[in-house]
Structures are given as C-alpha cells and as structure tokens.
Amino acid sequence: MTIQLPGAEGELRTYEPRGEPLAVTPGTPFASRTVFSAAHVVADPFADVSPDSPAAVDWDATLAFRRHLWSHGLGVAEAMDTAQRGMGLDWAGAAELIRRSAAEAKAVGGRIACGVGTDQITGGTLAGIRAAYEEQLAVVEESGAQAVLMASRALAAAASGPEDYLDVYGHLLRQAAEPVVLHWLGPMFDPALAGYWGSSDLDAATGTFLEVIAAHPDKVDGIKVSLLDAQREIDLRRRLPQGVRCYTGDDFNYPELIAGDDQGFSHALLGVFDPLGPLAAEAVRILDTGDTVGFRALLDPTVELSRHLFQTPTRFYKTGVVFLAWLAGHQAHFAMVGGLQSARSLPHLARAYELADGLGLFPDPKLAEDRMKTLLALYGVTQ
C-alpha cells in the first residue's frame, strides 16, 4: 500500500507506510530522570464556538490522553504552552483543566505539575500581576499539584528592569507552600516574552534568573528552560545551586541534554514528549540501566520530527502535536481550541505524518494512513 503526499513545492510523492508500530510497553516511572510530557487539550468538535470564544474542551478525551501518558511512567505538565495557554485556552478553561487533571492524577497515582501564570489579565501594575499569579498559584496548590511558575506576558510588558522580576518572583516564592519549577520560555515560543528577566541580552537575563533562584533555593525544585540553545542550557545548569534541577524544554536538542555529560544532565519537561510519549519512555528506561548509547540510538532519530514540528513559527507546534494525536487514535477528530488546526500547511502535516510513521509512533498504522488520506481528500488530493 502507498500514499501520495504533497511536498513543499506542490508536487506529489509516493510514500509506503510502515507496516508495524514500534514495540513499546507501559511501565512505572523512571529511576534516573524525572520526565514530564506537556500535554495538549482535546477540543469538543461539536461545540458551536468561534476562534475567539472560550475554549470548548472534550474532557473525557483530554483526561484519557493523560492516562495514556501516566501509563508509560511519564509525568504530565498540565495547562502549559502545549495546552494552548494564551492561544485558545483562557484562564477559566485552564483552571478547570488543572482541577480535573489533578483529581485524575490522584486517582491513578500519576505525577502532575501545573502552569501558574497571569493570563486572566492583559496588563496592569506589578501589584496586579502579583495578585494574578497568586490567584493561579492558589488553584494549583489547592488541587495538590506541583506549581510551574510560567513566564508572564503582562510582566514582560510592565517590568521596567530586572528589579521588577526579582520583586515579583521573590514575592511568589516566599508564598509558595512547596518547591516550584521556574519556567523560562523564549520568544520563539511567544514573541510577547522578548526581553524576559529584564534584558534582551541573554547573559544579563541569565544573571537575573540565577539571582532569583539563589535567593530562594529551598523554594525552587528546578528550572525549565525553553530557549532552543543547548550550550546555554548546559552552562546554566552547571551554575544552579545544589539540589535545583534543570528540566530541559529544548525540543531541538533533548537527547544530548537528557543524556548529559560528566558534569551533569537535564531532566525533561517537553512538549514533543506528547507525541513521542511511549518511545521516549522506552528510551529513558534504557538510560536507567546505564546504557547511554542505547538511549541515544532510540531517541536521536526522533529529533528530525521534533525539529519539523517546532519549525518557525515555533508557537504553532501545537498543531502538529494534535494532528499526530488524531492519527495515533487518541482522539476522534483533528479540531483544536481556537481553530488552530489551520495554523500549519498541508505539506507540513504530510511530512509530520511521514516522519512519525517512519518512527513507528502510530499504534495502528492503517488507521493513521486512512486518516491521512481523509485529510488529503479534503484538500483535493486523490489517491
């Protein structure tokens, strides 16, 4: 069986789908690394909403996908960028997502961390920004989940310099009941976060970031770095206080960063582990045995797919993530909150299918092929 896939120049090429999926089995959490998958939300395709409406979520399918991740030993990073925070999912929807997912985590014994931000406001004073963070932190802590302090668009707009970041984050860390994860999301993921930590100079910004951590090391479990710069992450993790972890958010260089070197390694909190979940879990279990070569042999080939999904404009990677979840049978449709299914081209999606199929990511390759052909037919590509 073959399928005709469109290329970037409009030409059709013949692709022969893989016959069998990669053999992976569910398992318990890992021994050598802490690994979170940032998880997407499943839209309700029958809701009569517009892209500007509050998100309509299919809660059953959304929670089922989280159980899938937990079954493979992965933690779930909830209500973060991959869940379309600020790109279709508003704070009201995120709060409900946090409460539902945290309750589900308790029921199945899954690990969960949830995003804390300021997206219920669009601007304002530093006092208002602190209050917005406090409101969200309270929801996460009341749910029993670990908090991830996400970067704030409002703070990026209101801060006059590094001292404002030191003030806001210091205030929050003093209040936090348990150690949190600090998230540095680069402007390639969200252009509104340019100049975060008070400077567009990354060395200066790193200095402020480290100053926040050094002042409250007992309240920082770790940092999540999403700058797509492997060497910067390595340099940063070597400067962290003892006991503070580095969770890589680098969807371009994650195998080498997780494998580490003789001076340390990164744990992981990655959006690409949403589609890669079972394969990534299998790789980390190999790493648990001390087999770094085997770990890299399994995970390195996934980087081409990840770089494709996260290509510029990087913030639209969520479209590819949800598309692959549909092809893999984790949801019955390819619809997204905010109508974001339209954010990537047909050639982009076709290449994502080809790369994912080649890795054996689809539990039912024939289902994935049939769904890909359905999408192609909607665009006028006949087989």
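Predicted model, so just to flag it, every value in this text is computed and none were measured.

Parameters and conventions
Residues numbered from 1 in each chain as written. Predicted model: local features only at pLDDT ≥ 70, side-chain atom pairs only at ≥ 80, totals over all residues. Heavy atoms only, no water. Buried < 20%, exposed > 50% of the residue type's maximum accessible area, 1.4 Å probe, protein only. Helix = DSSP H or I, 4+ residues; strand = E, 2+ residues; numbered from the N terminus. Pairing = 2+ DSSP bridges. Right-handed = clockwise from strand over helix to strand, strands pointing away. Contact = heavy atoms within 4.5 Å. 1 Å grid on protein atoms, 1.4 Å probe; cavity = no way out; pocket = protein on both sides within 12 Å on 5 of 7 lines; lining within 4 Å. Points joined across faces, edges and corners; volume = space filled by probe spheres on them. Nonpolar A, V, L, I, M, F, W, Y, C, P; charged D, E, K, R; others polar.

### Comments concerning the pairing of strand 3 (residues 35-38)
Item 1. Residues Val35 and Ser37 line one face of strand 3 and the alternating positions Phe36 and Ala38 line the opposite face, and both faces are buried.
Item 2. Bridging between strand 3 and strand 10 (residues 267-270) involves 3 bridges; their strand directions are parallel. Along strand 10, the bridge assignment pairs Phe36 with Leu269.
Item 3. As paired strands, strand 3 and strand 4 (residues 75-78) are joined by 3 bridges and run parallel to one another. Looking at strand 4, one finds that Ala38 is bridged to Ala77.
Item 4. Read from strand 3 through helix 1 (residues 59-71) to strand 4, the crossover connection turns out right-handed.

### Details of the environment of Val108
Item 1. Structurally, the position occupied by Val108 is in helix 2 (residues 91-108).
Item 2. In the structure, Val108 is positioned 127 residues away from Asp235 in sequence and 37 Å away in space, judged by C-alpha atoms.
Item 3. In this view, Val108 contacts Arg67 and Trp70; residues no more than four positions away in its chain are not counted.

### Overview of the layout of surface pockets
Item 1. Of the pockets and cavities examined, the largest pocket occupies roughly 380 Å³.
Item 2. Forming the walls of the largest pocket are 23 residues, and the residues nearest its centre are Arg85, Asp119, Ala151, Arg153 and Asp190.
Item 3. Put simply, the parts of the chain that give the lining of the largest pocket at least two residues each are helix 4 (153-158) and strand 7 (180-185).
Item 4. Considering only residue class, the lining of the largest pocket consists of 10 nonpolar, 7 polar and 6 charged.
Item 5. Taken together, 19 residues make up the lining of the second largest pocket; nearest its centre are Pro278, His330, Leu361, Phe362 and Pro363.
Item 6. Elements supplying a minimum of two residues to the lining of the second largest pocket: helix 1, helix 9 (277-288) and helix 12 (317-327).
Item 7. In terms of residue count, helix 12 provides more of the lining of the second largest pocket than any other element does, 3 residues in total.
Item 8. Of the residues that constitute the lining of the second largest pocket, the class distribution is 14 nonpolar, 4 polar and 1 charged.

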